[in-house]
Protein chains: 2
Amino acid sequence: MEWLTEGSITTPEGFWAAGIACGIKVAGKKDLAVVFSETPCVAGATFTTNKVKASHIFVSKENLRPQKATVRAIVANSGNANCCTGQKGIEDAKRMCEIVASELSAQRQVNVQPHEVLVASTGVIGVPLPMDKVEQGIKSAVERLSREGGLEAAEAIMTTDTKPKFAALQLELNGKIIHIGGIAKGAGMIAPNMATMLCFIGTEACIGRKALQTALKYAVERSFNSISVDGDTSTNDTVFVLANWLSGGDEILESSEAFVKFRTALTKLCQKLAKAIAADGEGATKLIEIRVTGATSESEAKAVAMTVANSNLVKTALFGNDPNWGRIAAAVGRSPAKVNQTALTICIGEFECFRKGEPIDFDKDAAHQWLKSNSEIDISIDLGLGNASWTVWTCDLSEEYVHSNAEYTT
Amino acid sequence: MEWLTEGSITTPEGFWAAGIACGIKVAGKKDLAVVFSETPCVAGATFTTNKVKASHIFVSKENLRPQKATVRAIVANSGNANCCTGQKGIEDAKRMCEIVASELSAQRQVNVQPHEVLVASTGVIGVPLPMDKVEQGIKSAVERLSREGGLEAAEAIMTTDTKPKFAALQLELNGKIIHIGGIAKGAGMIAPNMATMLCFIGTEACIGRKALQTALKYAVERSFNSISVDGDTSTNDTVFVLANWLSGGDEILESSEAFVKFRTALTKLCQKLAKAIAADGEGATKLIEIRVTGATSESEAKAVAMTVANSNLVKTALFGNDPNWGRIAAAVGRSPAKVNQTALTICIGEFECFRKGEPIDFDKDAAHQWLKSNSEIDISIDLGLGNASWTVWTCDLSEEYVHSNAEYTT
């Protein structure tokens with residue numbers, strides 16, 4: 001397995017993309033992306049668990065419903081979530097698919113049906129989409145489609161992100177070189193179970209729908225569902241993966257060694273993009289990895305890690321470079337998991353702070369200096385109760401987070 | 001029922017208190033409080049649900065264990081949580097009770113046993129108590145005890161609070177006038193299920209232990225367990241209520257009308273103190289009341305209200321006077337309760353923003369102005385599914401919250 005620099009969703013063969021500005025956002029910023037596959041794809045998807053869902057989720061789910069559904073394109077806008085927009089919102093999302101299908105069919109002489117298009121939106125909630133702009137934008141984006149368009153598509157799905165997120169890797173599977181490449185966005189409203197993040201992934205792998213969905217679910221659980229910026233799960237989170245089978249060769253069957261290899265590579269790609277989201281959290285100055293070991297189950301380990309990752313008191317302390325392990329202990333204790341404080345051990349980086357219920361007299365000045373001089377911080381929590389573990393990623397909480405969320409409607 | 005100005009735990013007959021500075025905090029700030037009852041009291045208590053618990057909780061619970069346990073005093077320090085301090089922490093908490101008992105016995109010619117003293121701490125986690133200072137402090141506090149000491153005791157339990165919290169009321173019960181008065185603290189690490197808050201309440205009511213505990217549990221659920229500043233449940237939260245029976249008259253039995261009257265008054269007192277805590281949340285500029293109606297059960301209504309109250313995105317929007325109801329809808333949707341977005345209605349103050357799944361074109365400028373000119377904000381959320389309701393209180397999230405929690409070890 002090998003990482004490719006500047007890789008994205010257009011790294012795998014057969015995928016085209018474009019990102020343009022159509023006027024949803026102010027100041028001419030890119031706000032509309034189209035991804036197109038030369039051949040019909042098998043698709044997998046995961047969506048937010050929020051019970052208030054954006055319009056695009058209903059439409060994309062519907063298009064993925066038929067057992068033999070194939071996908072040819074993804075359309076996504078930023079700057080408007082098309083969520084809580086009532087019946088008009090659903091119609092607008094459907095209309096986006098229709099325009100993509102008709103523009104692709106007209107401009108590229110391919111036969112694409114509206115139900116072969118997946119749609120996604122991200123941005124402010126409760127405002128109707130400006131459909132005239134969106135319609136013009138889709139036309140321009142389809143015109144601009146190129147084999148190098150992945151990076152501009154990554155830019156076009158950004159909201160408060162400070163940088164576009166993209167990654168690709170290659171690996172050998174069943175004797176063929178395949179690529180997995182993706183683009184993602186997300187900076188605020190990031191929490192477990194699909195927070196406002198979008199991620200679109202392409203691959204040439206020959207893999208069936210059920211196996212692809214199984215691999216995606218596994219990868220998302222260990223990546224996008226294991227990051228948190230602010231504990232606010234969005235209404236819009238969406239991950240799409242498209243496999244166009246262009247690699248040729250044998251199908252990757254769920255029981256095979258090739259499947260495990262594919263799933264591992266997909267998980268690594270998703271983790272790379274997820275960590276980029278956490279590191280780019282609104283106002284973040286540090287990427288924080290929280291590893292919980294010694295739990296009685298993976299779900300207990302994850303519950304502890306997520307509670308710590310969502311603690312404002314832990315995150316503000318880390319912003320202030322304060323090795324305040326007491327706040328970590330308090331967050332561990334209020335998690336829903338089984339916790340026995342006399343079995344609990346906490347380390348910040350190499351500094352052991354608390355061992356099996358007793359405080360350790362560690363060098364607080366050295367720990368402060370270490371926190372101050374590192375932008376990637378690891379926290380280890382050993383519950384001392386079992387053998388299961390889990391890792392999550394988050395960021396610190398700065399004044400800038402409050403400032404950007406108080407000043408701007410996002 | 002009547003509120004008394006400047007009322008506190010020393011308003012009811014027979015309660016004495018003092019608050020002094022013994023050097024746990026820097027700069028000569030008050031950090032040790034003692035409350036004393038002339039006569040043995042029946043006591044009720046509730047403690048944090050955090051699984052990492054401060055030492056005082058183990059000791060106070062132990063002292064309350066015997067069926068016929070009576071209480072004569074409370075001792076509390078601020079500036080140090082005596083939590084995650086291992087075996088020494090437990091011994092220190094026990095020692096605090098011993099010193100109070102021996103000083104009271106020596107200085108006041110009363111026979112007080114260590115197990116008749118309840119103890120509480122609040123402050124930084126993981127640092128051993130400076131017991132020499134605490135010992136001297138308890139001696140001075142017992143010397144200073146007075147019938148007017150409630151307000152200085154309220155000051156002595158403050159941490160990042162900007163003002164002391166105290167309240168008292170009087171009512172007629174079974175033909176006698178009784179008082180219920182209390183002091184409280186809390187500003188950060190405030191969340192459901194007893195966040196770093198301490199509250200000590202006294203009353204002359206003639207009420208048995210079981211009835212007192214039942215009334216307290218009811219009151220705490222609707223007050224301290226219905227506020228949130230930052231979602232971080234503390235390791236130290238404690239509420240004590242002492243009833244000294246000095247009112248005379250009939251006992252308040254759990255099945256009686258007098259009990260309901262007492263419970264209502266106790267709930268109102270706890271709500272007043274709880275709202276004072278929420279309004280004084282670290283960096284807060286607004287007190288926010290969130291009322292959820294139309295739920296299928298009270299616990300579902302509370303779950304929705306608490307999820308909204310803990311949403312950083314909602315709280316930063318309110319700090320910025322932004323009527324961003326979409327963030328409220330998103331928080332409602334990610335709560336664990338049953339939510340149907342086509343039945344959901346959201347109002348900010350008098351401004352209806354979202355009605356049964358459709359956005360309302362309300363006057364956003366007027367809403368912004370209204371938010372800007374009010375320090376008490378009410379949000380109404382109608383789930384449209386049933387008849388149950390619940391109310392919680394929180395505050396907005398400002399840059400000052402981040403600043404104070406990043407700069408200071410608390």
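Going along each chain's sequence as written, the residues are numbered from 1 onward. To label them, take the chains in the order written and letter them from A, then take the ligands in the order written and number them from 1. Restriction of local features to residues with pLDDT of at least 70 applies here, the model being predicted, together with a cutoff of 80 or more for giving and counting side-chain atom pairs; totals for whole chains, interfaces and linings are based on all residues.

(A) Molecular detail of the overall build of chain A. For chain A, the helix and strand inventory stands at 11 helices and 16 strands. Two things to know: the radius of gyration comes from C-alpha atoms, and the globule rule equals 2.2 Å times the number of residues to the power 0.38. Against the globule reference of 22 Å for 410 residues, chain A gives a C-alpha radius of gyration of 22 Å, in line with a compact fold. Taken along its principal axes, the extent of the C-alpha atoms in chain A is 70 × 50 × 35 Å. Long-range pairs, those at least 24 residues apart, make up 80% of the contacts in chain A between residues at least 6 apart in sequence. Helical segments are the DSSP runs of H or I of at least four residues, strand segments are the runs of E of at least two, and each set is numbered from the N terminus. Residues are scored as being in contact if the C-beta atoms we place from backbone atoms lie within 7 Å.

(B) Structural detail: the interface of chain B and chain A. Between chain B and chain A, the contact holds 50 residues from the first and 51 residues from the second. Within the residue set of the side of chain B that touches chain A, elements represented by two or more residues are α8 (312-319), α9 (325-334), β14 (358-359) and α11 (399-407) of chain B. Looking at the side of chain B that touches chain A, the element that brings in the most residues is α9(B), giving eight residues. Looking at side-chain class alone, the side of chain B that touches chain A contains 20 nonpolar, 22 polar and eight charged residues. Each residue is assigned to one of three groups, with Ala, Val, Leu, Ile, Met, Phe, Trp, Tyr, Cys and Pro labelled nonpolar, Asp, Glu, Lys and Arg labelled charged, and all others, Gly among them, labelled polar.

(C) The relation of the copies chain B and chain A, seen in detail. Only residues with pLDDT of at least 70 in both copies count here: their C-alpha atoms drive the least-squares fit that superposes the copies. Laying chain B over chain A is done by rotating through 180° and shifting 0.0 Å along the axis; what remains is an RMSD of 0.0 Å. The symmetry that links the two subunits is that of a two-fold axis. Closest approach to the rotation axis within chain B is made by the C-alpha atom of Glu399(B), at a distance of 2.4 Å. Both copies present the same face, since 100% of the interface residues in chain B are matched by interface residues at the equivalent positions in chain A.

(D) Examining the pairing of strand β2 (residues 15-20) of chain A more closely. Partly exposed residues are those falling between the two cut-offs: more than 12 but fewer than 20 other C-beta atoms within 10 Å of their own, whereas 20 or more means buried and 12 or fewer means exposed, with C-beta atoms placed from the backbone. Across the six residues that make up β2(A), a large majority, six, are buried. Neither face of β2(A) is open: one carries Phe15(A), Ala17(A) and Gly19(A), the other Trp16(A), Ala18(A) and Ile20(A), and all of them are buried.

(E) Geometry of the environment of Cys97(A). Residue and element names in this part refer to chain A. Along the chain, Cys97 turns up in helix α2 (residues 86-108). Along the sequence, Cys97 and Ala154 sit 57 residues apart, while their C-alpha atoms lie 19 Å from each other. If sequence neighbours within four positions are ignored, Cys97 has contacts with Val59, Asn63, Val75, Pro114, Val117 and Val119.

(F) Region of interest: the packing of helix α5 (residues 209-221) of chain B against helix α6 (residues 257-279) of chain B. Residues and elements named next belong to chain B. Relative orientation of the contacting elements α5 and α6 amounts to 45°, with a least axis distance of 8 Å. Between α5 and α6, the angle is such that the two are oblique. The hand of the α5/α6 crossing is right-handed. Counting all contacts with α5, which are made through Ala211, Ala215, Leu216, Tyr218, Ala219 and Val220, the residues of α6 involved are Phe259, Phe262, Arg263, Leu266, Thr267 and Cys270. Considering only residue class, the contact of α5 with α6 consists of 10 nonpolar, one polar and one charged. Here an axis means a line fitted to C-alpha atoms, over the contact stretch when the element is a helix, while the angle between two N-to-C directions is reported on a 0 to 180 degree scale. Orientation labels follow simple angle bins: below 35 degrees gives roughly parallel, above 145 gives roughly antiparallel, 65 to 115 gives roughly perpendicular, and whatever is left gives oblique. The hand of a helix crossing depends on one turn: near helix anticlockwise from the far one by less than a right angle means left-handed, and clockwise means right-handed.

(G) Highlighting the nonpolar core. Counting 282 residues, the largest nonpolar core has Val34(A) and Val34(B) as the members making the most contacts within it. Excluding residues within four positions of it along the chain, Val34(B) makes contact with Ala17(B), Ala18(B), Ala73(B), Val75(B), Val100(B), Ile138(B), Ala141(B), Val142(B) and Leu145(B). The term nonpolar core means buried Ala, Val, Leu, Ile, Met, Phe, Trp, Tyr and Cys residues held together as one set by C-beta atoms within 7 Å.

(H) Representation of the environment of Thr391(A) in the model. Residues and elements named next belong to chain A. Relative to the helices and strands, Thr391 resides in strand β16 (residues 388-395). Sequence separation between Thr391 and Ile379 is 12 residues, and the spatial gap between their C-alpha atoms is 9.8 Å. Those residues in contact with Thr391, other than ones at most four positions away along the chain, are Ser226, Glu289, Ile290, Arg291 and Ala305.

(I) Here's a closer look at the sheet that holds strand β12 (residues 345-348) of chain A. Residue and element names in this part refer to chain A. Two strands make a pair as long as DSSP finds a minimum of two bridges between them. One open sheet holds the seven strands; their spatial order is β9-β16-β11-β15-β12-β13-β14, and the pairing between them is mixed. Single-partner strands in this sheet number two, and they are β9 (227-228) and β14 (358-359). Pairing between β12 and strand β13 (residues 351-355): four bridges, direction antiparallel. When the sheet's bridge partners are listed, Ile346 is paired in β13 with Phe354.

(J) Geometry of the domain arrangement of chain A. Domain parsing of chain A yields domain 1 (2-279) and domain 2 (287-407). A separation of 32 Å is found between the C-alpha centroids of domain 1 of chain A and domain 2 of chain A. Residue ranges assigned to each domain were obtained from an automatic or database domain assignment.

(K) Representation of unusual backbone geometry within the structure. Residue and element names in this part refer to chain A. Its identity is not glycine, yet Gln109 carries a phi of approximately 50°, on the positive side. Under the C-beta neighbour-count criterion, Gln109 is labelled exposed, with 7 such atoms within 10 Å. Look at Asn174: it is not a glycine, yet its phi comes out positive at around 50°. Along the chain, Asn174 falls in the loop between β6 (165-173) and β7 (176-185).

(L) The arrangement of helix α5 (residues 209-221) of chain A in detail. Residue and element names in this part refer to chain A. The span you would expect from a helix comes to 1.5 Å times its residue count less one. When the terminal C-alpha atoms of α5 are compared, their 18 Å separation across 13 residues agrees well with the 18 Å that a helix rising 1.5 Å per residue should span. All of the buried residues along α5 are Ala211, Leu212, Ala215, Leu216, Ala219 and Val220. Around the axis of α5, the buried residues are gathered within 160° of arc, so they sit on the same side. On the buried face of α5, the contacting elements are β3 (32-47), β10 (238-243) and α6 (257-279). Note that the arc is defined by the directions from the helix axis to the C-beta atoms.

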